[in-house]
Structures are given as C-alpha cells and as structure tokens.
Amino acid sequence: RAGDIVYVLRTDEARDAHGIVGGCYDDSHVPVGGGTHGGLSQHELHNVCVAYGPAFQQNSTNPFPSGTIDLLPTLLHVLDYPIPPRVEGRILYEALAQPQGVSGSSAAPHTYSPDTVTAAGLYRQHLTTTTIGTTVYLERGWVE
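A. Examining unusual backbone geometry more closely. A positive phi angle, near 55°, is found at N59, a position not held by glycine. Looking at the secondary structure, you find N59 in the loop between α1 (42–45) and α2 (71–78). A relative accessible area of 86% means that N59 is categorised as exposed. For D80, which is not a glycine, the phi torsion comes out positive at approximately 55°.

B. Fine view of the pairing of strand β2 (residues 21–24). With three bridges connecting them, strand β1 (residues 11–15) and β2 associate as antiparallel partners. Of the residues in β2, the one forming a bridge with R15 is V21. From the end of β1 to the start of β2, which pair antiparallel, there are five residues, and G19 there has a positive phi angle of about 85°.

C. The arrangement of the side chain of T135 in detail. Counting through the fold element by element, T135 comes out in strand β6 (residues 135–143). With relative accessibility at 8%, the residue T135 sits in the buried group. Once you skip the residues sitting within four places of it in the chain, T135 turns out to touch D70, G89, R90 and T130.

D. Just the side chain of D70, in detail. Looking at the secondary structure, you find D70 in the loop between α1 and α2. Buried charge without a salt bridge: D70, with R90 as the nearest opposite-charge side chain at an N-O distance of 4.3 Å. Looking at D70, its side chain comes within polar contact range of the side chain of Y137, at 2.6 Å. Here D70 is in contact with G89, R90, L92, T135 and Y137, once residues within four sequence places are set aside.

E. Examining the pattern of salt bridges more closely. The full count for this structure, using the stated rule, is two salt bridges. Notably, a salt bridge pairs R90 with E94, separated by 2.8 Å at the nearest N-O pair. You'll find R90 and E94 in the same group, each marked buried. A salt bridge links R124 to D115, with the shortest nitrogen-to-oxygen separation between them at 3.0 Å.

F. Region of the structure containing the environment of G141. Among the secondary structure elements, G141 is positioned in strand β6. On a C-alpha basis, the gap between G141 and L45 in space is 9.7 Å, while along the polypeptide they are 96 residues apart.

Analysis parameters
- Residues numbered from 1 in each chain as written.
- Predicted model: local features only at pLDDT ≥ 70, side-chain atom pairs only at ≥ 80, totals over all residues.
- Heavy atoms only, no water.
- Helix = DSSP H or I, 4+ residues; strand = E, 2+ residues; numbered from the N terminus.
- Buried < 20%, exposed > 50% of the residue type's maximum accessible area, 1.4 Å probe, protein only.
- Pairing = 2+ DSSP bridges.
- Contact = heavy atoms within 4.5 Å.
- Lys, Arg positive; Asp, Glu negative; His and termini not counted.
- Salt bridge = Lys/Arg side-chain N within 4 Å of Asp/Glu carboxyl O.
- Polar contact = N/O pair within 3.5 Å; in protein donor to acceptor, adjacent residues only side chain to side chain.

Printed below as a string of structure tokens:
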C-alpha cells in the first residue's frame, strides 16, 4: 500500500517537557505522547541497532548510517552464506570484528534543495542523504 499523495508536517528542534529533542506538528486527535508514522526530522529517522557476538566489534559505536535493509546481507555474510543478487542493502563491514570491504568511511553526504515560486513566495525544500557503496540513506528533510 502506498498513498498517491504523501506529506510530512513541519518539525522543529525544540525540547519537549521530557527533554526529548525534535517535535512534529500534528493536527490529529492522537494525545501527547502518542505516536504517528513519523516525519523527516533527523530525530525521527535515526534509530539504534545493537549487535552482539564474536562476529561483531565489542564496546564500540558506529557513527555511519545503516538501516533495516542492511541486516539480511550482514547476517548472511557473518554466516558465510551466499548473498543472492536480488538482496538489497549492504554488509555493515564497519561493525564486524574483522572489517573488510566497503566501510562507512566512504560515506558521501549530499543535500538536494529544489525550490519553486508560489503565490505565497519562495518555497525551498531540502533532503539530505548519505550514500555508502550503492545504498542511499535518508538523513533528514526540511523546508525553508
């Protein structure tokens, strides 16, 4: 399922009553503290993945982007199982105890900033991505 029209409401960098950074305007009836499907704030797009075991580095934090799409190729690699060509994502080499191959250090950030003039004035939208190998990660989006 995918909507024909998708929109994301404005976000901000303010702290809420609990000290959590990053809010999103929401005009629904969801109570404060309830969840929505998220937006394009870096605070909503970034998440945590924890790996433990002899195949992974211990007591380390990986600053490079990754996503759920990377779990299958990484686990198949760790199990020394052939990765079918149709599998998307990348092997998270930088998280392995014995790193090899293309690591996150080759990360290439890019910001796209298309704009248009409307009756209300100039509208400029920004999307920042990071590419590692052939995998592209959406980092954040915002409007001026």
